[in-house]
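Reading the structure
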Amino acid sequence: MLKPLIREPDCVTTDKPDSIIINVDHGSPITPLQTRSTSTATTSSGSCSSSSSGSVTGHAGHTRKPSSDRPVSSSADQSSKSNKAQSFKSSNTPSAAKSSTPSAIQSKSSNGSSAAQFGSSSPARAQSRSSSQVGVKTGCPKTTTGNIRPSSSVSSTTRTKPSVKSSSALQQHVQILPGGNLFPSGKVQITGMTQEKPRSMALGPGSAKSYGYGSIIPGNNLSPVKPTRTSGSSSSSSVLPLAIRSSSDAEIPWKVALYSSNSEEVKRIGNDMFKKGCFTEALKLYDRAIELSPSNATYHSNRAAALSSLGQIGEAVNECEKAIKLDPKFARAHHRLAFLLLRLGYVDSAGIHFYSVAEPSDPKVVKMLQQIDRHLNKCTYARRRGEWNIVLTEVSAAMASGADSSPQLAMCKVEALLKLLRLDDAQRELEFVPKVEPLPVSYAQTRFFDMICEAYTYFVKSQMELALGRFENAVTTAEKASEMDPQNYEVETLYRNVRSITRARDRGNDLYELERYTEASSAYGEGLKYDPSNATLLCHRADCFFKVGMWESSIEDCNHALLILPRYTKPRLQRAASYSKLERWAEAVSDYETLRKELPYDKQLAESLFHAQVALKKSRGEVVLNMEFGGEVEEISSLEELKAALTRPGVSIVHFFRASDPQCKEMSIFMDALCVRYPSLHFLKVEIVKCPAVGDAERVRVVPTFKIYKLGIRMKEIVCPSKEALEKTVRHYGL
């Protein structure tokens, strides 16, 4: 709240008073004001105490008339007021008035400097100020803030009763500051005045005199005036739901429009929301406009724009078709539909609508149409010749040029990646194929690469299912494609090949179960004739080759399968086993270590890796201390058993634990995992409650405790480690 700055007129005093309490009434018991003098050296010969009958309103020239129920001052008070005013008038000099300047500086003096302080409107405030009472020199016949009525009462703290004399002109400015908090109306009496009955004050709506940020009007428990609606005013909020009436002001306009009966106004607000990027709100408004006027083509066209911005391309196309049906000469609807069809990859249909009514005004649209058409033509020719790298390049360029919502172009990209044996990339691309639902009926029979659009989608999906080894799904999707486009040669060929591959796979599996591996490999070979890059059939045949001792052929098929599916674990495991049979230990260890990263808890894999590592060290002439595969944590029950275990070759990890301790239980489970991960190490555990002699001999005081031994010599001790710290240490000694 702003603090008003009041400049008091100049005064002429002769003596220097001690401290005088002056209680001033400012017309409102709500906000007492505190006045402090800005001068530091004043002289006065007398002081007086007075109370004001006016009010400080914060506006120059505003005075408050006394109410009828305010106590009337006595004749002695009025005569005192008249004498005081004459004394003030005679004490002013022209030089003093000329030298006065505005000031907003507050100062507190401790060496007899003069300060002014108005009394609080409550007895408690008056008592709190009794220790710092100062005098106020007021010698001006007129005020800009109210009328001052002197009082005959003088503070008891005044040392002498000086008389007012005119000795010198001294400039002084007084700043009025709020001196207290707002109090409830009717409970605060004005100091220095007597009242018969406390007056209740009420905050008004602003029709009375203004006191700062509100109006205070006297009354008897009056409540604030409530605004009333005139008979001629009307508001749509009276018919709105409660949820809308309680919304913020920023949201009300478009929500109000939803209940309007003026379709043009609803459309206008919908356009405003669309320009702001609020497409969902704009769509609701366009729906309302269509509800009010279903035959308006503009509303349907605008709704198509909102749907397109929300990614609902299929519904947007349908809305544009409705708009064109209502108004065949509506150029904007034709151009909007052409642009949507261009995004879907329907270049021919887009060109028809672009030039059906009027040529497009934007040359960028024409350039986009030409670029997409050129890329699609190159893609078609490259696909016929089997140049899949060019197909991938051209289809990516077409999508980048504007056909970004075409499911057929996305599926063409997937097909190119499949043919290039980039199955992982094809899987990722398949996840981001645009979905256009519902597909416009008028474009369902449009051909793409001489296939019906939806049939081509199933055509590519069937190839993906086949490459991933999901033969039954491949047959189902190929059958759907054949039903949609039975006359297409590519679709029929794929359907026939998928069924032949599935039959070959089933026959090979039956022969493998009968351990007729040679015949099974031949059956898998029959399926590979139709799809030479099928990783699943290659892996099955590699397994058959391994069973009959054809390890080189097995490695060759595994290499081919891993080229197509690098993350396929089965052919890598088969290849590692074939390397071991051929004593190519380095390649075997490399494959096993790669598999350990993907299958860290496979015990059989860990044992195979251990034996391959031992054989590799022997082939290099290195000394192998530990020839036994651990794989399990060995429990120690006596001190002699522990000593015997620690003397074995290699590194031993001993876990001292207590079964009732939760942290020990958690670390015991982690030890089991480490035993599988590092099979070349010996893992031991000792329960110190069952074997106190072992705990005492090893001086174990805190559990869990881990000790690492090498050839019976303690290398390191870890007390209460984290899982990460323990594995780091184990890995260090396991190398």
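Residue numbers here run from 1 along each chain, matching the order of that chain's written sequence. A pLDDT threshold of at least 70 governs which residues receive local features in this predicted model, and a stricter bar of 80 or more applies before side-chain atom pairs are shown or counted, although totals over entire chains, interfaces and linings include all residues. Only hydrogens and water are set aside; all other atoms, that is, all heavy atoms of the structure, feed into the side-chain values.

Numbered from the N terminus, helices here are DSSP runs of H or I no shorter than four residues, and strands are runs of E no shorter than two. What the chain contains, in helices and strands, is 28 helices and 14 strands. Relative to its 735 residues, the chain shows a buried fraction of 45%. A total of about 39100 Å² of accessible surface is found on the chain, and carbon and sulfur atoms cover 51% of it. Type-normalised accessible area, obtained with a 1.4 Å probe on protein chains alone, sets the label of each residue: buried when under 20%, exposed when over 50%, and partly exposed for intermediate values. In these tables, accessible area is a Shrake-Rupley quantity obtained with a 1.4 Å probe, and a residue counts as shielded only by the protein chains included in the view.

This part takes up the packing of aromatic side chains. For any pair of aromatic rings, geometry is given as the distance between the ring centres together with the angle between the planes. Here the aromatic set is Phe, Tyr and Trp, taking the six-membered ring for Trp, and pairing holds for ring centres within 6.5 Å; pairs whose planes are under 30 degrees apart are stacked, those over 60 apart are edge-to-face, and all others are tilted. Going through the model one piece at a time under the given rule, you end up with 6 aromatic pairs. Between F449 and Y456, the aromatic rings sit 5.6 Å apart at their centres with planes inclined by 75°, giving edge-to-face as the arrangement. By definition, being over a ring means that NZ of Lys or CZ of Arg is both within 6 Å of the ring centre and within 35 degrees of the ring normal. We note K461 situated over the ring of Y458; from NZ or CZ to the ring centre the distance is 5.7 Å.

Turning to the packing of helix 6 (residues 263-275) against helix 7 (residues 279-292), a few remarks are in order. Across the interface, helix 6 lies against helix 7 with an axial gap of 8 Å and an inter-helix angle of 165°. Here helix 6 lies roughly antiparallel to helix 7, going by the angle between them. With respect to the hand of their crossing, helix 6 and helix 7 are arranged in left-handed fashion. Contacts between helix 6 and helix 7 involve S263, V266, K267, I269, G270, N271, M273 and F274 from the former and F279, E281, A282, L285, Y286, R288, A289 and L292 from the latter. For helices, the fitted line uses only the C-alpha atoms of the stretch in contact; every axis is such a line through C-alpha atoms, and the angle between N-to-C directions lies from 0 to 180 degrees. For classification, angles of less than 35 degrees are called roughly parallel, those exceeding 145 degrees roughly antiparallel, those between 65 and 115 degrees roughly perpendicular, and all remaining angles oblique. Handedness of a crossing is defined here by the sense of rotation of the near helix relative to the far one, left-handed for an anticlockwise turn of less than a right angle and right-handed for a clockwise turn. The criterion used for residue contact is that any of the two residues' heavy atoms lie within 4.5 Å.

Contact pair helix 13 (residues 388-401) / helix 14 (residues 407-419): the axes reach a minimum separation of 9 Å and the direction vectors enclose 155°. The angle between helix 13 and helix 14 places the two elements in the roughly antiparallel class. As helix 13 runs across helix 14, the sense of the crossing is left-handed. Contact residues: W388, V391, L392, V395, S396, A398 and M399 in helix 13; L409, A410, C412, K413, E415, A416, L417 and K419 in helix 14. Residues are grouped as follows: nonpolar covers Ala, Val, Leu, Ile, Met, Phe, Trp, Tyr, Cys and Pro; charged covers Asp, Glu, Lys and Arg; every other residue, Gly included, is treated as polar. Each residue belonging to the contact of helix 13 with helix 14 can be placed in one class, and the counts come to 11 nonpolar, 1 polar and 3 charged.

On to the UniProt feature "repeat: TPR" (unreviewed entry) in the chain. Mapped onto the present numbering, the UniProt feature "repeat: TPR" (unreviewed entry) falls on residues 263-296, 297-330 and 455-488. This span, residues 263-296, is 79% helix and 0% strand, and a straight line between its end C-alpha atoms measures 10 Å. Within the segment residues 297-330, helix and strand shares are 79% and 0% respectively, and the terminal C-alpha atoms sit 8 Å apart. UniProt positions are given in the numbering used here, feature names are shortened, and annotations may be inferred rather than shown by experiment.

Turning our eyes to something else, we now look at the side chain of R572. Inspection of the secondary structure assignment puts R572 in helix 22 (residues 569-581). For R572, a relative accessible area of 15% translates into the label buried. Here a polar contact means two N or O atoms within 3.5 Å. Within protein one must be a hydrogen donor candidate and the other an acceptor candidate, and residues neighboring in sequence count only if both atoms are side-chain atoms. Separated by 3.2 Å, the side chain of R572 and the backbone oxygen of P566 make a polar contact. Non-local contacts of R572, meaning those with residues more than four positions away in its chain, are made with L562, P566, D591, T594 and L595.

The next thing to look at is the pattern of salt bridges. One speaks of a salt bridge when a side-chain nitrogen belonging to Lys or Arg is within 4 Å of a carboxyl oxygen belonging to Asp or Glu. This structure, assessed with the given rule, holds 31 salt bridges. Among the ionic pairs, R383 bridges to E490, the shortest N-O distance being 3.1 Å. Of the two residues, R383 is situated in helix 12 (residues 363-385) and E490 in helix 18 (residues 489-513); the sequence distance between them amounts to 107 residues. Since its relative accessible area comes to 31%, E490 is described here as partly exposed. Overlapping salt bridges, with partners in common, bring together D287, R303, E319 and K322 in one network.

Glycine aside, negative phi is the norm for most residues, and most peptide bonds take the trans geometry. With an omega of 0°, the peptide bond between V703 and P704 qualifies as cis. Among the secondary structure elements, P704 is positioned in the loop between helix 27 (692-697) and strand 13 (705-710). One non-glycine residue, D450, lies in the positive phi region at around 65°. Here D450 lies in the loop between strand 8 (447-448) and strand 9 (451-452). Phi at R699 is positive, roughly 55°, even though this residue is not glycine. Relative to the assigned elements, R699 resides in the loop between helix 27 and strand 13. According to the relative accessible area criterion, R699 is exposed, its value standing at 68%.

We now examine the pairing of strand 12 (residues 682-687). Most of strand 12 sits inside the fold, with 5 of its 6 residues counted as buried. As defined by bridge partners, strand 10 (residues 634-636) adjoins strand 12 across 3 bridges and the pair is classed as parallel. Within the sheet, the bridge partner assigned to E635 lies in strand 12 and is K685. Pairing between two strands requires that DSSP report at least two bridges joining them. Relative to strand 12, strand 11 (residues 651-657) runs parallel, the two sharing 6 bridges. Bridge pairing links I653 to F683 in strand 12. Note on the crossover from strand 11 through helix 26 (residues 662-677) to strand 12: the handedness is right-handed. Place the viewer so that the strands point away; then a crossover is right-handed whenever the path from the first strand over the helix to the second strand goes clockwise.

Now for the sheet that holds strand 10. Taken together, 5 strands build an open sheet; the order of strands is 10-12-11-13-14 and the sheet is mixed. Across the chains shown, the open sheet's two edge strands, defined by having one partner strand only, are strand 10 and strand 14 (713-719). On average, each strand axis in the sheet is tilted by 25° relative to the strand beside it, whichever way the strands run. As defined by bridge partners, strand 13 adjoins strand 14 across 6 bridges and the pair is classed as antiparallel. By the bridge assignment, Y709 is partnered in strand 14 with R714. Helix-sheet contacts for helix 25 (residues 639-646) involve strand 10, strand 11, strand 12 and strand 13, and the interaxial angle to strand 10 is about 135°.

So, about helix 16 (residues 453-467). With 15 residues, helix 16 extends 22 Å from end C-alpha to end C-alpha; this agrees with the ideal 21 Å at 1.5 Å per step. Among the 15 residues of helix 16, 13 are classified as buried, and the element is accordingly described as predominantly covered. G469 sits one or two positions beyond helix 16 and adopts a positive phi of about 85°. The span one expects for a helix is its residue count, reduced by one, times 1.5 Å.

Within the sequence span of helix 15 (residues 423-431), burial applies to L423, D424 and A426. The buried residues of helix 15 all sit within an arc of 160° when viewed along its axis, so they share a single face. Close packing links the buried residues of helix 15 with helix 14, helix 16 and helix 21 (551-564). Here the arc refers to the directions that run from the helix axis out to each C-beta atom.

Attention now goes to the nonpolar core. Counting residues in each nonpolar core, the largest one holds 95 residues, and the members touching the most others are V317, L342, L409 and Y456. In this structure Y456 touches R383, Q408, M411, C412, E415, F448, F449 and M451, once residues within four positions along its chain are discounted. We define a nonpolar core as any set of buried Ala, Val, Leu, Ile, Met, Phe, Trp, Tyr and Cys residues linked to one another through side-chain atoms lying within 4.5 Å. With 17 residues, the next largest nonpolar core counts V651, F670, L674 and Y733 among its residues.

Values of pLDDT, ranging from 0 to 100, describe the predictor's confidence in every residue of the model. When pLDDT is averaged across the chain, the result is 72; 64% of the residues are at 70 or more. Counting interchain partners and residues more than four positions distant, the pLDDT-below-50 stretch residues 1-250 has 377 contacts.

What follows is about the environment of M715. Here M715 is to be found in strand 14. Sequence separation of M715 and V651 is 64 residues, and the distance between their C-alpha atoms is 9.4 Å. When residues no more than four places from it in sequence are discounted, the contact partners of M715 are I708, Y709, K710 and Y733.

To continue, consider the environment of L466. Relative to the elements of secondary structure, L466 occurs in helix 16. Sequence-wise, L466 and I501 are 35 residues apart; in three dimensions their C-alpha atoms are separated by 8.9 Å.

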